[in-house]
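# Residue-level structure breakdown
Each chain, written out:
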Amino acid sequence: SQSPLLHNTIYEHLGIDYIMMALSYPELNVLIQKIKTQSIELTAVTMPFKEEVFQYLDNCSPEVVLLKTANTIIQKNGQLHGYNTDIAGIAFAFSGIDLQRKNVLVMGAGGAARAMGYFLKINKAKILWMNRTTSKAKALAEEFGGDITFSEKINEISPDIIINATPVGLYPDVNQSPLSHYVFDENQIVFDMVYNPVFTKLLERAQKDRAKIISGLDMFIGQGLKQIELLTGNLLDDPALINKLKNVLTQNQRELHL
C-alpha cells in the first residue's frame, strides 16, 4: 500500500503531528484491538479486509451501510466509525465531467465495481456491466441499474466512458490489459481504477488512440484527501498539495519498478 506515503506527505505539507504506519496481521480482530488499545485515530483499510471489517464497526456512513465495505476507520473514544472514501476518490477523478445520460461501460464485479456503480447511479449515468462471470454482472445491474454486455459487443456499443474496475494491469502484471485489442475513440473517456502503475497498458493504448484518460492515481489521491478531511475536519483542495502528491507517488512507483 502507498497510503503511508500519501498520508505522511500530506501531514508534512500541513505541518501537523501525525504519522501513518503500515501494520499487518493475519487476523483482523487482532488489528481491531490494536486500533482501540493504542488509540489509533485513523485507519486506512486495504484488501482483503474492506468487507470483513464491517462487522467490527460501531457506526457507519450511508455508503458503508449500502456497500457493506469500508476503507476508512476513525476511532473516537473507543468507538469505530466506518467510511468509504472510495466514493469521494471517484468523484475527485471525475471532477468536471458530466455523467448524466452517458453510456458508461464498467468492467469488473468486485468491491471497486460496486463503489463505481453507486457513484454512477447517483449521477444518473447509463451503466453497462461486463464481467467474466455473467451472474455477478447481473447482480450489479439489479442493484445499481443498467444492463449487462459482453466483450464481443463493445465495438457495437461504443460507450462514452470505459472504466476498468478489475485488477488487470496491476503491478507486477503490468503488461496485461482488459481490452488488449480494442480501438478507442478520441471522444471517449477511459478511467483505470488501477493506480500502480500510474499509466497502465489500458491507458497507454487509449491515449495512443487519442481518448481522454484518467489514472487511478487521481482516485487514490482523492480518497486519501477525504480520509484526512474526516480526521481533521478541514477541506483539502490546495492545487499545490495535489500536484506534490502526484509527483511524489509517481516518482515512488518509478523507483519501486526499477
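Residues numbered from 1 in each chain as written. Predicted model: local features only at pLDDT ≥ 70, side-chain atom pairs only at ≥ 80, totals over all residues. Heavy atoms only, no water.

### Observations regarding unusual backbone geometry
Each neighbour pair has its own omega, and for Tyr171 with Pro172 the value is 15°, a cis peptide bond. Here Pro172 shows up in the loop between β8 (161–164) and β9 (189–192). Here the bond from Asn196 into Pro197 is cis, since omega is 15°, no more than 30 degrees from zero. With respect to the secondary-structure elements, Pro197 resides in the loop between β9 and α8 (201–208). Although it is not a glycine, Arg210 sits at a positive phi angle of roughly 75°. The residue Arg210 is located in the loop between α8 and β10 (212–214) in this model. (Helix = DSSP H or I, 4+ residues; strand = E, 2+ residues; numbered from the N terminus.)

### A short note on the sheet that holds strand β2 (residues 59–60)
Spatial ordering of the open sheet is given by β1-β3-β4-β2, a layout of 4 strands whose pairing is mixed. If you trace the sheet from one side to the other, it starts and ends with β1 (42–44) and β2, each paired once. Alignment of strand β3 (residues 72–76) against strand β4 (residues 79–83), held across 5 bridges, turns out to be antiparallel. Directly across from Gln75, in β4, lies its bridge partner Leu80. Here helix α9 (residues 216–232) sits on the sheet in contact with β1, β3 and β4, set at roughly 10° to β3. (Pairing = 2+ DSSP bridges. Contact = heavy atoms within 4.5 Å. Axes fitted to C-alpha atoms, helices over the stretch in contact; angles between N-to-C directions.)

### Regarding the nonpolar core
Ranked by internal contacts, the top residues of the largest apolar core, which has 29 residues, are Phe94, Val106, Met116, Leu120, Trp129, Ile163 and Phe191. Considering each element in turn, this core owes the most residues, 6 residues, to helix α5 (residues 111–122). Once you skip the residues sitting within four places of it in the chain, Ile163 turns out to touch Phe94, Val104, Leu105, Val106, Met107, Met116, Leu120, Phe191 and Met193. With 18 residues, the next largest nonpolar core counts Val198, Ile221, Ile228 and Leu236 among its residues. (Core = buried A, V, L, I, M, F, W, Y, C linked by side-chain atoms within 4.5 Å. Buried < 20%, exposed > 50% of the residue type's maximum accessible area, 1.4 Å probe, protein only.)

### As for the packing of helix α4 (residues 86–93) against α5
Two elements in contact, α4 and α5, have axes separated by 9 Å at closest approach and are oriented at 60°. When the axis of α4 is compared with that of α5, the two are oblique. Along this stretch, α4 crosses α5, giving a crossing that reads as right-handed. Across from Asp86, Ile87, Ile90 and Ala91 in α4, the residues of α5 making contact are Ala115, Met116, Tyr118 and Phe119. (Parallel < 35°, antiparallel > 145°, perpendicular 65-115°, else oblique. Left-handed = near helix turned anticlockwise from the far one by under 90°.)

### Some words on helix α2 (residues 28–37)
Leu28, Leu31, Ile32 and Ile35 are the residues of α2 that are buried. Buried residues along α2 cover an arc of 100° about the axis, so they all sit on one side. Where the residues of α2 are buried, they touch β1, β3 and β4. Ser39 sits one or two positions beyond α2 and adopts a positive phi of about 55°. (Arc of directions from axis to C-beta.)

### Section: the sheet that holds strand β6 (residues 126–130)
Strand order in the open sheet formed by 6 strands is β7-β6-β5-β8-β9-β10, and the pairing between neighbours is parallel. The outermost strands of the open sheet, each flanked by one partner alone, are β7 (147–148) and β10. With 4 bridges connecting them, strand β5 (residues 103–107) and β8 associate as parallel partners. For Val106, the partnering residue across the bridge sits in β8 and is Ile163.

### Topic: the packing of α4 against α9
Interaxial distance between α4 and α9 falls to 7 Å at its minimum, and their mutual angle equals 130°. Our classification of the angle between α4 and α9 gives oblique. Here α4 and α9 pass one another in a crossing that is right-handed. Here α4 contributes Asp86, Ala88, Gly89, Ile90, Phe92 and Ala93 to the contact with α9, which in turn contributes Asp218, Met219, Ile221, Gly222, Gln223, Leu225 and Lys226. Among the residues making up the contact of α4 with α9, the classes are represented as 7 nonpolar, 3 polar and 3 charged. (Nonpolar A, V, L, I, M, F, W, Y, C, P; charged D, E, K, R; others polar.)

### Topic: the layout of surface pockets
Size it by volume and the largest pocket reaches roughly 950 Å³. What lines the largest pocket is a set of 32 residues, among which Met47, Lys50, Leu170, Met193 and Tyr195 lie closest to the centre. Elements represented by at least two residues in the lining of the largest pocket include exactly α5 and α9. When residues in the lining of the largest pocket are grouped by element, the largest group, 5 residues, is from α9. (1 Å grid on protein atoms, 1.4 Å probe; cavity = no way out; pocket = protein on both sides within 12 Å on 5 of 7 lines; lining within 4 Å. Points joined across faces, edges and corners; volume = space filled by probe spheres on them.)

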